[in-house]
Amino acid sequence: MTVSRRDFVLGAAGALGASALGMPALALASSEDLKIGWLAALTGPSSAPGVGFNRGVEFAAQAINAAGGVKGRKIVIVTRDTQGDPTKAVNAAQEMINSQKVHAIWGPTNSGESLAVTPIMARAKMPNIHPCVIDSLVNTDKYPNAFRISPSNSQWDDACRNYCLKVQKYSKIAVIGDTTGYGVSASKACVANFKKDGAEVVYSANIDATQADMSPDMTRARDAGAQVIVIWSVSTGMEARLFNTRAHMGWDVAFVGHPSLASGELRTLVEKPENWDKVYAVGYKSASYDANGKLPAHSQEFLDMVKGKVSLEDTLYWWVSAGYDAIELVAKAVQTTGSSQSKDIIEYWNSLKAYPGYFGTYTYSPTIHNGYPTEEVVMSEAKSARNGTFALAPGYQ
């Protein structure tokens, strides 16, 4: 099912009407609220993405409800702060399924949490959209209800590796991850892929995100001859300490890696603005402006829509727009099918082809639940943020 961008914007006048889809009006048997669970890490060391996603979630729900809801049904967001803790995420997911009786769940946003809750949601046949990047979290045989709205970590890893080896021509690599389930698995895969492509991984480590002194690991990486340090963590505090340590050492090495390397929080965490130089984060075409400062038309449309209503100064465009897209994907499924039954929502998502989200263009099928196109993943200059969007990293043609 191909959806036009005009049909996609539910907040626009008339976009919620069935006639916009060329379909007869479908009356829902119930006017009960459309309840969407939101497993959000809003506090804790990995909260930066959750805070950004939450702004998009809240704006989407408010916009849809202000336009009359989904066939007259009000969207209610059932939010639980998991604090990045898998145990809290499990408890919250079970509450949403068994007590709150939500119709779909967005999240978690932390892969370690998602590893714990994805099987629970699969057993309950709960429609689930998540932005977690660990590859194993999408498996249409084991988890036919789970759909990824972001690239997989393999796609992120490919973008980082391509930038290091083919664009910047680095050959000696250091890889550092945190000690979460995500950090351990992502850094392990990254090391293996660099070695497979002929690079020399001179140092690798997993560091607790709360570790105060980063100098031992940075010194080992420098002494091993690393030309670049690839980071896999969502902890901006840990990343800032790495950047500050680099400055104290007087070491002119580049950092490349996870999108959180470009989080606005880092501006207040680094000791000096220049400590954030030579840092390049995974980014996206939808969130990249050209040499003239111009964004893609659909991205500018989103910024115009949220202007004065959602702050993007201290977060990332993709976090906010992905949160917005996730809620609209649920709403559009109910709007189109006239049903909030799990099987109908899942069947609708399985029919999508080139769905025009503001974060990306999503395509799903019964056998493909990785919906984000690899060609839309790029590297960004981390400190070049402007309304959560970025300049492309140096070296691209």
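Here goes a summary of the coordinates provided. (Residues numbered from 1 in each chain as written. Predicted model: local features only at pLDDT ≥ 70, side-chain atom pairs only at ≥ 80, totals over all residues. Heavy atoms only, no water.)

### Digging into the sheet that holds strand S9 (residues 254-257)
Applicable threshold: Between any two strands, pairing holds if DSSP finds at least two bridges. Think of it this way: any DSSP run of H or I at least four residues long counts as a helix, any run of E at least two long counts as a strand, and we number them from the N terminus. Only C-alpha atoms enter the line fits that serve as axes; for helices the fit covers just the stretch in contact. Angles between N-to-C directions range over 0 to 180 degrees. We call two residues contacting when some pair of their heavy atoms lies within 4.5 Å.
Reading across from one edge, S7-S6-S8-S9-S10-S14 is the order of the 6 strands in this open sheet, with mixed pairing throughout. Unpaired on one side and paired on the other, strand S7 (200-207) and strand S14 (377-381) mark the two borders of the sheet. Neighbour to neighbour, the strand axes of the sheet diverge by 25° on average, direction disregarded. Two strands pair when backbone bridges link them, and strand S8 (residues 228-232) and S9 are joined in this way by 4 bridges, in the parallel orientation. Bridge pairing in S9 places valine 230 opposite valine 256. Running over the sheet, helix H6 (residues 181-196) touches strand S6 (172-178), S7 and S8 and is turned about 165° from S6.

### A short note on the pairing of S14
Our working rule: To sort residues, take the accessible area from a 1.4 Å probe on protein chains only and compare it with the maximum for the residue type: under 20% means buried, over 50% means exposed, and anything in between is partly exposed.
Within S14, 4 of the 5 residues are buried, which leaves it mostly tucked inside the rest of the structure. Bridge count between strand S10 (residues 279-284) and S14: 5 bridges; the pairing is antiparallel. Residue pairing in the sheet places tyrosine 280 in a bridge with glutamate 381 of S14.

### Describing helix H4 (residues 111-123)
To keep things clear, this is the line we draw: Here the expected span of a helix is defined as 1.5 Å times the quantity of residues minus one. Working definition for bend: take the seven residues up to and ending at a residue and the seven starting at it, fit an axis to each, and measure the angle between the axes.
Taking 1.5 Å per residue as the helical rise, H4 with its 13 residues ought to reach 18 Å, and the 19 Å between its terminal C-alpha atoms agrees with that figure. At valine 117, H4 shows its maximal bend, which comes to roughly 35°, and the proline proline 119 appears one to four places after that position. Every buried residue of H4 is accounted for by Ser111, Gly112, Glu113, Ser114, Val117, Thr118, Ile120, Met121 and Ala122. On its buried face, H4 sits against strand S1 (34-40), helix H3 (86-100), strand S3 (104-106), strand S4 (128-130), strand S5 (146-148) and H6. One or two residues past the end of H4 sits lysine 125, with phi positive at roughly 55°.

### Regarding the environment of glutamine 94
One can find glutamine 94 in helix H3. When its relative accessible area of 35% is taken as the criterion, glutamine 94 is described as partly exposed. Counting along the chain gives 23 residues from glutamine 94 to valine 117, while the straight-line C-alpha distance between them is 8.7 Å. The residues contacting glutamine 94, other than those within four sequence positions of it, are Ser99 and Ile120.

### A short note on the packing of H3 against H4
We apply this condition: Oblique is the label for every angle not falling under 35 degrees (roughly parallel), over 145 degrees (roughly antiparallel), or within 65 to 115 degrees (roughly perpendicular). Helix crossings fall into two classes, left-handed where the near helix is turned counterclockwise from the far one by less than a right angle and right-handed where it is turned clockwise.
Relative orientation of the contacting elements H3 and H4 amounts to 30°, with a least axis distance of 8 Å. By the criterion of interaxial angle, the relationship of H3 to H4 is roughly parallel. Crossing hand, H3 versus H4: right-handed. Side by side, H3 and H4 meet where Pro86, Ala89, Val90, Ala93, Gln94 and Ile97 of the first sit next to Gly112, Glu113, Ala116, Val117, Ile120 and Met121 of the second.

### A word on the pairing of S10
Among the 6 residues in S10, 6 count as buried, and that is most of the element. Bridge count for S9 against S10 is 3 bridges, and the pairing is parallel. When the bridges of S10 are listed, valine 256 appears paired with tyrosine 280.

### Focus on the side chain of serine 321
The cut-off we apply is this: What qualifies as a polar contact is a pair of N or O atoms within 3.5 Å, subject to a donor-acceptor requirement within protein and to the restriction that residues adjacent in sequence count only when both atoms come from side chains.
Looking at the secondary structure, you find serine 321 in helix H11 (residues 317-337). Within the structure, serine 321 has its side chain in polar contact with the backbone oxygen of tryptophan 318 (distance 3.4 Å). Discounting residues that sit within four places of it in the chain, serine 321 has contacts with Phe302, Tyr358 and Phe359.

### Remarks on the packing of helix H10 (residues 297-306) against H11
Axis separation between H10 and H11 bottoms out at 12 Å; the angle between their running directions is 80°. With respect to each other, H10 and H11 are oriented roughly perpendicular. Side by side, H10 and H11 meet where His298, Ser299, Phe302, Leu303 and Met305 of the first sit next to Tyr317, Val320, Ser321 and Tyr324 of the second.

### Notes on the sheet that holds S1
In spatial order, the strands read S2-S1-S3-S4-S5; together these 5 strands make up an open sheet with parallel pairing. Because the sheet does not close on itself, it has two edges, and the strands there are strand S2 (75-81) and S5. The mean inter-strand angle of the sheet, taken between neighbouring strand axes irrespective of direction, is 20°. As paired strands, S3 and S4 are joined by 2 bridges and run parallel to one another. By the bridge assignment, isoleucine 105 is partnered in S4 with asparagine 128. Lying over the sheet, H3 contacts S1, S2 and S3, oriented at roughly 170° with respect to S1.

### A word on the pattern of salt bridges
As a reminder of what qualifies: The term salt bridge refers to a pairing of a side-chain nitrogen on Lys or Arg with a carboxyl oxygen on Asp or Glu at a separation within 4 Å.
Within the structure shown, the criterion is met by 12 salt bridges. For aspartate 197, the salt bridge identified is with arginine 161, shortest N-O distance 2.7 Å. Taken together, the residues aspartate 197 in the loop between H6 and S7 and arginine 161 in helix H5 (residues 153-167) connect sequence positions 36 residues apart. Residue lysine 278 is joined to aspartate 252 by a salt bridge in which the shortest nitrogen-to-oxygen separation is 3.5 Å. Residue lysine 278 is located in the loop between helix H9 (266-269) and S10, and its partner aspartate 252 is located in the loop between helix H8 (236-249) and S9; the two are separated by 26 residues in the primary sequence. What makes lysine 278 partly exposed here is its relative accessible area of 31%. Residue aspartate 252 is classed as exposed on the basis of its relative accessible area, which comes to 61%.

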